[in-house]
Amino acid sequence: MAKGSKKEIIKGILKENPVFRLVLGTCPALAVTTSAISALGMGAAATVVLICSNFVISACRKIIPDKVRIPAYITIIAGFVSVVQLLVKAFAPALDQSLGIYLPLITVNCIILGRAEAFAGKNAIFPSILDGLGMGIGFTASLFAMGCIREFFGAGTLFGFPITNMFMDPIIIFILPPGGFFVYGLLVAVVNKLTKDKKVQAGCSSLDGCGACPMGSSCSKSVQEEGDNCANG
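Keep in mind that what you see is a predicted model, and the values were worked out from it rather than measured.

## Quick look at the packing of helix H6 (residues 110-120) against helix H7 (residues 125-155)
Here comes step 1: With their axes 11 Å apart at the nearest point, H6 and H7 run at an angle of 150 degrees to one another. Overall, the two elements H6 and H7 adopt an arrangement that is roughly antiparallel. The hand of the H6/H7 crossing is right-handed. Residues Ile111, Arg115, Phe119 and Ala120 of H6 form the contact with H7, whose participating residues are Pro127, Ser128, Asp131, Met135 and Phe139.
Here comes step 2: Looking at the contact of H6 with H7 residue by residue, the classes come out as six nonpolar, one polar and two charged.

## Regarding the confidence of the model for the protein chain
Here comes step 1: Scored by pLDDT, the protein chain comes out at a mean of 84, with 82% of its residues at no less than 70.
Here comes step 2: Low pLDDT, under 50, characterises residues 198-208; the predicted model gives this stretch twelve contacts beyond four residues in sequence or across chains.
Here comes step 3: Below pLDDT 50 for its whole length, residues 212-233 participates in 17 contacts with residues either more than four positions away or in separate chains.

## As for the state of the cysteines
Here comes step 1: Summed over the entire model, instances satisfying the criterion amount to zero disulfides.
Here comes step 2: Considering cysteine sulfurs only, Cys110 is the nearest to Cys27, which forms no disulfide, with 9.3 Å between them.
Here comes step 3: The class of Cys27 is partly exposed, set by a relative accessible area of 49%.

## A few points about the nonpolar core
Here comes step 1: Core analysis: the biggest nonpolar cluster contains 31 residues, and Phe20, Ile106, Leu143 and Met146 have the highest contact counts within it.
Here comes step 2: At the level of secondary structure, the elements contributing two or more residues to this core comprise helix H2 (26-31), helix H3 (36-59), helix H4 (69-91), helix H5 (93-99), H6, H7 and helix H8 (177-194).
Here comes step 3: Residue contributions to this core peak at six residues, all from H3.
Here comes step 4: Within the second largest apolar cluster, seven residues are counted, among which are Ile64, Ala72, Ala116 and Ala120.

## Things to note about the packing of H7 against H8
Axes are the key here: two packed helices are described by the angle between their axes and the distance separating the axes.
Here comes step 1: At a closest axis distance of 10 Å, the pairing of H7 and H8 adopts a crossing angle of 130 degrees. For the element pair H7 / H8, the angle class is oblique. Between H7 and H8 lies a crossing of right-handed hand. Two secondary-structure elements touch here, H7 through Ala145, Met146, Ile149 and Arg150 and H8 through Pro177, Gly179, Gly180, Val183, Tyr184 and Leu187.
Here comes step 2: Split into classes, the residues belonging to the contact of H7 with H8 amount to seven nonpolar, two polar and one charged.

Here is what the cut-offs are and how they apply
- Residues numbered from 1 in each chain as written.
- Predicted model: local features only at pLDDT ≥ 70, side-chain atom pairs only at ≥ 80, totals over all residues.
- Heavy atoms only, no water.
- Axes fitted to C-alpha atoms, helices over the stretch in contact; angles between N-to-C directions.
- Helix = DSSP H or I, 4+ residues; strand = E, 2+ residues; numbered from the N terminus.
- Parallel < 35°, antiparallel > 145°, perpendicular 65-115°, else oblique.
- Left-handed = near helix turned anticlockwise from the far one by under 90°.
- Contact = heavy atoms within 4.5 Å.
- Nonpolar A, V, L, I, M, F, W, Y, C, P; charged D, E, K, R; others polar.
- pLDDT = per-residue confidence, 0-100.
- Disulfide = S-S within 2.5 Å.
- Buried < 20%, exposed > 50% of the residue type's maximum accessible area, 1.4 Å probe, protein only.
- Core = buried A, V, L, I, M, F, W, Y, C linked by side-chain atoms within 4.5 Å.

See below:
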């Protein structure tokens, strides 16, 4: 796989994680993460819709009039959400019941509509598919992490299997809304720490010159003036 393709996939996992970095899709992230299986189900459904809608929107980007692009995007997304919802109802009724109204609400999920508007509507098909895949993986990983933590501490189980019943009682607040906000805030802090950019040191070295200065691209001084300053140490 080409380097650019890997970048499109990887960016949605940490650097541009839709839930923890871009703060999108927080409603389903807090609502369906009371268990790991529900979190995985929602993430998988959203990923399928992301990939399919990005593909169609990218393929049709040149023929969709600019004035109606948002309604067109929503119509395309709603079509794929309906297909996914019918499949879940047919083959995973328990999952459909646990996700409830949040499954059809994928239609207006700001992650999916946002990627359609910001990326798929402006780029070729293959990069758009990779963008949808990367964002879907990031969304699924975020929900899964929250679901595992909340189910483990709030119910003492993981994927429905008892884990903590031998050494601790469940902390019920973790499967309640306050616990969801607590876990969400904790994971946001962790991801921000992991993706924190290195501090850029101001100034330049007389040995390297301004060409190697990390502040060169954003420096307010003229190139000639900066060059004179560097030459003078």
